[in-house]
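# Tertiary structure, described
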Amino acid sequence: MQHQIAGAGTLSLAMALPLAAQASSQLAIDMGCYSCHGAALRDEAPRFERLSSRLAKYKGDPAAQQKFVDKFRAGEMFGHIDAHERLSPESAKALVRWLADAAK
Ligand code: HEC
């Protein structure tokens, strides 16, 4: 066995999720979210599980999620982070809903 499957960990996580959640998890990968919020921590960025628990208060509350999305994309929250501001409104909404709904 010479080679490993790159990203196998992420893949199995995605496979354990329902379909809609899979699409968002793929979106998070595509948008580079995991490069800061992934398992290998970079700087002060919290891990995805933590993001999710911080968004727990918006669970099932689309209006509050939308408010958060607007602030998030405006980049005012954490001193400009490109990956946040680059998100389309639709992508940001999908990711925020995904994180909030995944909260325990
Ligand atoms: C360049 C590194 C970097 C990338 C890439 C990145 N983030 Fe962040 N993110 C941060 C940092 C730093 C914070 C601020 C953490 C803090 O101050 O508590 C943050 C905060 C957040 C928060 C707010 C958490 C809270 O406390 O309210 C969310 C949600 C978030 N990021 C989601 C994402 C998503 C979704 C993506 C992919 C589109 C992404 N991030 C990409 C670095 C990054």
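Everything below is about the structure shown above.
These notes cover the structure that comes with them.

About the criteria used
- Every chain is numbered independently, its residues counted from 1 as its sequence is written.
- In keeping with the predicted nature of the model, local features appear solely for residues at pLDDT of at least 70, side-chain atom pairs appear and are counted solely at 80 or more, and the whole-chain, interface and lining totals rest on all residues.
- Computation of side-chain values covers all heavy atoms of the structure but excludes hydrogens and water.
- Because water is not among the atoms used, a metal site may look incomplete, as its donors are only the N, O and S atoms within 2.8 Å, or 3.2 Å for Na, K and Ca.
- Between 85 and 135 degrees for all angles marks four donors as tetrahedral; over 155 degrees for opposite donors together with 65 to 115 for all other angles marks four donors as square planar and six as octahedral; every other arrangement is irregular.
- The numbering of helices and of strands both runs from the N terminus, where a helix is a DSSP run of H or I of at least 4 residues and a strand a run of E of at least 2.
- One heavy atom within 4 Å of a molecule or strand is enough for the residue carrying it to be called near that molecule or strand.
- What qualifies as a polar contact is a pair of N or O atoms within 3.5 Å, subject to a donor-acceptor requirement within protein and to the restriction that residues adjacent in sequence count only when both atoms come from side chains.
- Side-chain classes follow a simple rule in which Ala, Val, Leu, Ile, Met, Phe, Trp, Tyr, Cys and Pro form the nonpolar group, Asp, Glu, Lys and Arg form the charged group, and the remainder, Gly included, forms the polar group.
- Aromatic contacts are taken between Phe, Tyr and Trp rings whose centres are within 6.5 Å, Trp giving its six-membered ring; a plane angle under 30 degrees counts as stacked, one over 60 as edge-to-face, and the others as tilted.
- Per-residue accessibility, obtained with a 1.4 Å probe over protein chains only, is compared with the maximum for each type, and a residue is labelled buried under 20%, exposed over 50%, and partly exposed between these values.

Right, let's get into the coordination of the iron atom of the ligand. Distances from the iron atom of the ligand to its protein donors, H37 (NE2) and H84 (NE2), fall at 1.9 to 2.0 Å. For the iron atom of the ligand, the six donor atoms in the first shell make angles of 85 to 179 degrees at the metal, so the coordination geometry reads as octahedral. In this pair, H37 sits in helix 3 (residues 33-37) while H84 sits in helix 6 (residues 82-85), placing the two residues 47 residues apart along the sequence.

Further remarks concern the site of the ligand. Neighbouring the ligand are 19 residues; C33, C36, H37, R54 and H84 lie closest to it. Contact distances for the ligand include 2.3 Å between an oxygen atom and a side-chain N or O atom of R54. In the model, a nitrogen atom of the ligand is placed 2.7 Å from a nitrogen or oxygen of the H84 side chain. Put simply, the parts of the chain that give the shell around the ligand at least two residues each are helix 3, helix 4 (48-54), helix 5 (62-74) and helix 6. Per-element accounting of the shell around the ligand gives the leading share, four residues, to helix 3. For the shell around the ligand, a count of residues per class yields 13 nonpolar, four polar and two charged.

Let us look at the packing of aromatic side chains. A complete count under the given rule lists four aromatic pairs for this structure. The interplanar angle of 50 degrees and the centroid separation of 5.6 Å between the aromatic rings of F48 and W98 together place this pair among those described as tilted. Of this pair, F48 sits in helix 4 while W98 sits in helix 7 (residues 89-102), and the two are 50 residues apart along the sequence. Consider the rings of Y58 and F68, whose centres lie 5.4 Å apart with planes at 40 degrees: the pair is tilted. Residue Y58 is found in the loop between helix 4 and helix 5, and its partner F68 is found in helix 5; the two are separated by 10 residues along the sequence. Classification of Y58 by relative accessible area gives buried; the value is 15%. According to the relative accessible area criterion, F68 is buried, its value standing at 11%. Put simply, the rings of Y34, F48 and W98 touch in pairs and so form one group of aromatic residues.

Geometry only, nothing functional implied.
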